Amino acid sequence: MNFYTSQNKLGILGGGQLGKMLINEANKLNISCKVMDPNKEAPCSNLVENFIVGDLLNYDDVYNFGKNVEVLTIEIENVNTDALKKLEEEGVKVYPSSENIKTIQNKSVQKNFYLKNNLPSSFFKTYDNVDDLINEAENKKCKYPFVWKSARFGYDGKGVKVINNIEDLKTLPNIECIIEDKISIKKELSVIVARNKRSQEKNFPTVEMEFNQENLVDKVICPAQISDDLNNKAIQLALKTSRAFNHIGLLSIELFITDNDEILINEVAPRPHNSGHHTIECCLISQFEQHLRAIFNLNLGSTSIKIPGIMLNLVGEEKHFGEAIYDNIEGALKIPGASIHIYGKKDTKPHRKMGHITIVNKDLNKAKEFAEIIRKSIKVISK
Ligand SMILES: Nc1ncnc2c1ncn2[C@@H]1O[C@H](COP(=O)(O)OP(=O)(O)OP(=O)(O)O)[C@@H](O)[C@H]1O
Ligand SMILES: [Mg+2]
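Residues numbered from 1 in each chain as written. Chains lettered and ligands numbered in written order. Predicted model: local features only at pLDDT ≥ 70, side-chain atom pairs only at ≥ 80, totals over all residues.

**Student:** Help me out: how do you make sense of the overall build of the chain in this one?
**Tutor:** Scanning the chain from terminus to terminus reveals 12 helices and 21 strands. Since a compact globule built from 383 residues should have a radius of gyration of about 21 Å, the 21 Å found for the chain is in line with a globular shape. With respect to the principal axes defined by its C-alpha atoms, the chain has extents near 60 × 50 × 45 Å. Here the chain holds 383 residues, and the buried ones make up 43% of them. (Helix = DSSP H or I, 4+ residues; strand = E, 2+ residues; numbered from the N terminus. Rg over C-alpha atoms; globule rule 2.2 N^0.38 Å. Buried ≥ 20, exposed ≤ 12 C-beta atoms within 10 Å, placed from the backbone.)

**Student:** Honestly, helix 4 (residues 98-105) in this entry has me stumped. Any pointers?
**Tutor:** Every α-helix winds through 3.6 residues per turn, so residues three or four apart in the chain are directed the same way. The complete set of buried residues in helix 4 reads S98, N100, I101 and I104. For helix 4, the buried positions fall inside an angular range of 160° around the axis, keeping them on one side. (Arc of directions from axis to C-beta.)

**Student:** Even after reading the chapter, I still don't get the sheet that holds strand 17 (residues 322-327), so can you show me in this structure?
**Tutor:** Sheet strands pair via backbone hydrogen bonds, and the direction of the pair is either parallel or antiparallel. Strand order across the open sheet formed by 3 strands is 19-17-21, with antiparallel pairing between neighbours. Both outer strands of the open sheet, strand 19 (347-348) and strand 21 (379-382), are each paired with one neighbouring strand and no more. Strand direction decides the pairing type here: strand 17 and strand 19, joined by 2 bridges, are antiparallel. By the bridge assignment for strand 19, E323 is matched with D347. (Pairing = 2+ DSSP bridges.)

**Student:** Looking at this model, I keep getting lost on the packing of helix 1 (residues 17-28) against helix 10 (residues 287-295). Mind explaining?
**Tutor:** It is at 8 Å that the axes of helix 1 and helix 10 come closest, and there the two elements cross at 65°. When the axes of helix 1 and helix 10 are compared, the pair comes out roughly perpendicular. Taken as a pair, helix 1 and helix 10 cross one another with a handedness that is right-handed. Contact with helix 1, carried on its side by M21, L22, N24, E25 and A26, involves F288, E289, H291 and L292 of helix 10 and no other residues of that element. (Axes fitted to C-alpha atoms, helices over the stretch in contact; angles between N-to-C directions. Parallel < 35°, antiparallel > 145°, perpendicular 65-115°, else oblique. Left-handed = near helix turned anticlockwise from the far one by under 90°. Contact = placed C-beta atoms within 7 Å.)

**Student:** I would appreciate a short explanation of the sheet that holds strand 7 (residues 146-150) in the present structure.
**Tutor:** Taken in spatial order, the 4 strands make up an open sheet running 6-9-7-8, and their pairing is antiparallel. Each of the sheet's edge strands pairs with one partner strand only, and the pair in question is strand 6 (124-127) and strand 8 (160-163). For this sheet the average axis-to-axis angle between neighbouring strands, irrespective of direction, equals 25°. Where strand 7 lies against strand 9 (residues 177-181), 5 bridges are found, and the strand directions are antiparallel. Across the sheet, residue F146 finds its bridge partner in strand 9, namely D181. Across the sheet, helix 5 (residues 107-116) is in contact with strand 6, strand 7 and strand 9; its angle to strand 9 comes to roughly 45°.

**Student:** What is the right way to read the nonpolar core from this model?
**Tutor:** Inside soluble globular proteins, nonpolar side chains tend to come together where they are buried. V191, I253, L255, I359 and I374 are the most contacted members of the largest nonpolar core, which has 82 residues in total. With 6 residues, strand 14 (residues 249-258) is the single largest residue contributor to this core. Two domains each donate at least three residues to this core, and these are domain 1 (10-94) and domain 3 (185-382). In contact with I374, other than residues within four places in its own chain, are L312, A332, I335, A338, I357 and I359. I163, L169, C177 and I179 belong to the second-largest nonpolar core, a separate cluster that totals 11 residues. (Core = buried A, V, L, I, M, F, W, Y, C linked by C-beta atoms within 7 Å. Domains from an automatic or database assignment.)

**Student:** Would you explain the packing of helix 2 (residues 59-66) against helix 3 (residues 81-89) in this entry?
**Tutor:** Helices that pack against each other are described as a pair by the angle of their axes relative to one another and the distance between those axes. Running from N to C, helix 2 and helix 3 cross one another at 30°; their axes reach a closest spacing of 8 Å. The interaxial crossing formed by helix 2 with helix 3 has right-handed handedness. For the pair helix 2 and helix 3, the contacting residues are Y59, V62, Y63 and G66 in the first and D82, A83, L84, K86 and L87 in the second. Here the residues of the contact of helix 2 with helix 3 sort into 6 nonpolar, 1 polar and 2 charged. (Nonpolar A, V, L, I, M, F, W, Y, C, P; charged D, E, K, R; others polar.)

**Student:** What is the right way to look at the domain arrangement of the chain in this model?
**Tutor:** Buried accessible area, meaning the area lost when the parts come together, often serves as the stated size of an interface. On domain assignment, one finds that the chain holds domain 1 (10-94), domain 2 (123-181) and domain 3 (185-382). Each of domain 1 and domain 2 has a C-alpha centre, and these two points are 33 Å apart.

**Student:** Would you mind showing me how to read the environment of V193 here?
**Tutor:** Take V193: it is sitting in strand 10 (residues 185-195). Once the C-alpha coordinates of V193 and S252 are considered, the two residues, 59 residues apart in sequence, prove to be 6.3 Å apart. Leave out the neighbours within four places in its chain, and V193 touches E201, N203, A238, L239, S242, L251 and I253.

**Student:** I tried to follow the environment of K368 on my own but got confused; where do I start?
**Tutor:** Relative to the helices and strands, K368 is located in helix 12 (residues 364-377). C-alpha of K368 to C-alpha of K219: the two residues are 149 residues apart in sequence and 9.9 Å apart in space.

**Student:** I keep staring at unusual backbone geometry and nothing clicks. Help me out?
**Tutor:** Note: most residues except glycine have negative phi, and most peptide bonds are trans. Following Y95, the chain continues into P96 via a peptide bond in cis, with omega recorded as 0°. Of note, P96 is situated in the loop between strand 5 (93-94) and helix 4. Residues C222 and P223 are joined by a peptide bond in cis, for which omega reads 0°. Mapping P223 onto the fold places it in the loop between strand 13 (217-222) and helix 8 (228-244). In the Ramachandran plot, N30 falls in the positive-phi region, its phi being about 55° despite a non-glycine side chain. By secondary structure assignment, the location of N30 is in the loop between helix 1 and strand 2 (33-37). Residue N328 is not a glycine yet carries a positive backbone phi of 65°. You can call N328 partly exposed: it has 14 C-beta atoms within 10 Å.

What follows is the structure, given as structure tokens:
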């Protein structure tokens, strides 16, 4: 197929770290990008000529931003999907589709999608508001413990709570929500699948995610240390999910392995994902380049592992607010195979994702040892 580069080739809704890494790869292919984000100091703000400050949930802002680009994509799923639908009708290539974003941005709709498509996921119930849930619980219709999730606008584990009793329920905001069976999790995995318009599909190697107490990804281990059998099942389920969505672009599928070695879908994200940052150093193609290839309907690249690795998220330390300092960055740079990515967010706050470090090594155990050393040294603090 013919590929040419032009002005206004790609619009990206959201200007955070995912946008930044996507732009790095777009530069390689000479794809000019335009970005919209509500924050004028977002990580992408000084990377593109055409950076627009706008509300991602506002119809007019999204419509006006998207109407003169060739391909429109997202780096965050909380965007106005009515505007995206209108743009699709007018011929803009919107990938992922407005329909898929709409399904995924609401956890209640997303869970119903799994049910309808026979995709395994934990048992759940949906509620228009927490008062309805409390009513049921008072009538002893809920079995504790369970997991409560806000239907919309949850991210990085915010909007997820384990509920042990009725008192816990009374601390929740009165919003649309779901509850899920609390799964006994042996491991959390992620498989990222790319699909293009020609139905070519490629999955990245399965990774293992370890979380911290705030439900935030602490580290990603590539490849996942699981049996071949479980690995194959995880990949097959991820491919089946991406096909069910008829997805174009990247779909990141978060999975649970239960104590009985069952595999369940936790949730999906229709975009590059935190569990794929290591692909920049570890795989033959990065998730960001693969996303671009998928949405521009180019041949997808091989995702084979070049070298195993660990990705550590660098998040703001407790009690630190304000202009960010990366304390002891030199300590991390001394480690062989360590690459540091700093997102360029001006201010830090507790648990804010400020950067990440990928540590590659032919021996994954060695990478793990180095990761422990780095974890104890580098800290994101404020002035
Ligand atoms: N049903 C469940 N049973 C047990 N633990 C769960 C369940 N659902 C979620 N969790 C735990 O909470 C974490 C966050 O949940 P989830 O991925 O739904 O939230 P999120 O805020 O959308 O996350 P993120 O945006 O970080 O991906 C999961 O990775 C898992 O550790
Ligand atoms: Mg998640």
